[in-house]
Amino acid sequence: MNGSPEGTVFSLSELIQFRMILEGSANRLAARLRTDEQVAAIEAALERMREAIDEGYAAFGAADVTFHDVVAQAGGNSLIQVCGEVVRGAVLALIEDKLQRAPDSVALMRQSVAHHAEVVEAVRHADLIRADRLACCDLYEYYASYVTEESKPMLQALLEE
């Protein structure tokens, strides 16, 4: 992937690691700074993900992206939101690929909704550490199969022991 004007190429594992950092921070900030209205917006985005399961991969992927955008908005840092959009856009094809290749894509989408529901609970209850940890663990679980064994330690470094 061509990542900068200077032509720097980033590896997939670097991209996933960066997303783990961004999403963890977005979740943490949302858990600390969210308003009741923002919690309601996050809950609505989760409900949209549930509805999108029946609509297919593209609709579900778009609802997933919206969920993360709403969480980032609740955290109040527009740079995290913009960077998150860029990074998620770069891996959106992997999300759709995983869903298409899954033996039971509906079950995989339901599992994703369950993970996102845990984030909602952590944000609602202002559990900063759990909100951060959930992002890192869920993203590792989702993307680890796409990176080489040699690259996994750089992702695992963000997981708590």
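Residues numbered from 1 in each chain as written. Predicted model: local features only at pLDDT ≥ 70, side-chain atom pairs only at ≥ 80, totals over all residues. Heavy atoms only, no water.

### Points about the packing of helix 3 (residues 57-75) against helix 5 (residues 105-124)
Part 1 of the reasoning: The geometry of helix 3 relative to helix 5 is characterised by a closest axis approach of 12 Å and an angle of 10° between their N-to-C directions. In terms of orientation, helix 3 lies roughly parallel with respect to helix 5. Mapping the contact onto sequence places Tyr57, Phe60, Asp64, Phe67 and His68 in helix 3 and Ser105, Met109, Ser112, Val113, His116, Val119 and Val120 in helix 5.
Part 2 of the reasoning: Tallied by class, the residues present in the contact of helix 3 with helix 5 amount to seven nonpolar, four polar and one charged. (Axes fitted to C-alpha atoms, helices over the stretch in contact; angles between N-to-C directions. Helix = DSSP H or I, 4+ residues; strand = E, 2+ residues; numbered from the N terminus. Parallel < 35°, antiparallel > 145°, perpendicular 65-115°, else oblique. Contact = heavy atoms within 4.5 Å. Nonpolar A, V, L, I, M, F, W, Y, C, P; charged D, E, K, R; others polar.)

### Observations regarding helix 1 (residues 12-33)
Part 1 of the reasoning: The first and last C-alpha atoms of helix 1 sit 31 Å apart over 22 residues, in line with the 32 Å expected at 1.5 Å per residue.
Part 2 of the reasoning: Every buried residue of helix 1 is listed here: Ser13, Leu15, Ile16, Arg19, Met20, Leu22, Glu23, Gly24, Ala26, Asn27, Ala30 and Ala31. (Expected span 1.5 Å × (residues − 1). Buried < 20%, exposed > 50% of the residue type's maximum accessible area, 1.4 Å probe, protein only.)

### A word on the packing of aromatic side chains
Part 1 of the reasoning: Going through the model one piece at a time under the given rule, you end up with two aromatic pairs.
Part 2 of the reasoning: Ring centres of Tyr142 and Tyr143 lie 5.1 Å apart, and the angle between their planes is 75°; this geometry places the pair in the edge-to-face category. No difference in accessibility class separates Tyr142 from Tyr143, as the two residues are buried.
Part 3 of the reasoning: In this structure an aromatic cluster arises from ring pairing among Tyr142, Tyr143 and Tyr146. (Phe/Tyr/Trp six-rings, centres within 6.5 Å; stacked < 30°, edge-to-face > 60°.)

### Quick look at the pattern of salt bridges
It is possible for side chains bearing opposite charge to pair when their charged atoms get close.
Part 1 of the reasoning: Evaluation of the coordinates by the stated rule reveals nine salt bridges.
Part 2 of the reasoning: Between Glu149 and Lys152 there is a salt bridge, and its shortest N-O distance comes to 2.7 Å.
Part 3 of the reasoning: It is possible to trace a salt-bridge network through shared partners that takes in Glu43, Glu121 and Arg124. (Salt bridge = Lys/Arg side-chain N within 4 Å of Asp/Glu carboxyl O.)

### Digging into unusual backbone geometry
Part 1 of the reasoning: At Ala126, a position not held by glycine, the phi torsion is positive, near 55°.
Part 2 of the reasoning: Within the secondary structure layout, Ala126 lies in the loop between helix 5 and helix 6 (128-143).
Part 3 of the reasoning: The class of Ala126 is partly exposed, set by a relative accessible area of 39%.

### Section: helix 5
Part 1 of the reasoning: In this model, helix 5 (20 residues) spans 28 Å end to end at C-alpha, consistent with the 28 Å of a helix rising 1.5 Å per residue.
Part 2 of the reasoning: Among the residues making up helix 5, those that are buried are Ser105, Leu108, Met109, Ser112, Val113, His115, His116, Val119, Val120, Ala122 and Val123.
Part 3 of the reasoning: The positive-phi residue at the C-terminal boundary of helix 5 is Ala126, with phi of around 55°.

### Some remarks on the environment of Ser105
Part 1 of the reasoning: Structurally, the position occupied by Ser105 is in helix 5.
Part 2 of the reasoning: The class of Ser105 is buried, set by a relative accessible area of 14%.
Part 3 of the reasoning: Separated by 48 residues in the primary sequence, Ser105 and Tyr57 place their C-alpha atoms 8.5 Å from one another.
Part 4 of the reasoning: With near-sequence residues (within four places) excluded, Ser105 lies in contact with Tyr57 and Leu99.

### Examining the state of the cysteines
Linking two cysteines covalently via their sulfur atoms produces the bond known as a disulfide.
Part 1 of the reasoning: Counted according to the given criterion, the structure contains zero disulfides.
Part 2 of the reasoning: Unpaired in this structure, Cys83 has its nearest cysteine sulfur neighbour in Cys136, at a distance of 16 Å.
Part 3 of the reasoning: Cysteine Cys137 remains unbridged, with the sulfur of Cys136 as its closest cysteine sulfur at 6.8 Å. (Disulfide = S-S within 2.5 Å.)

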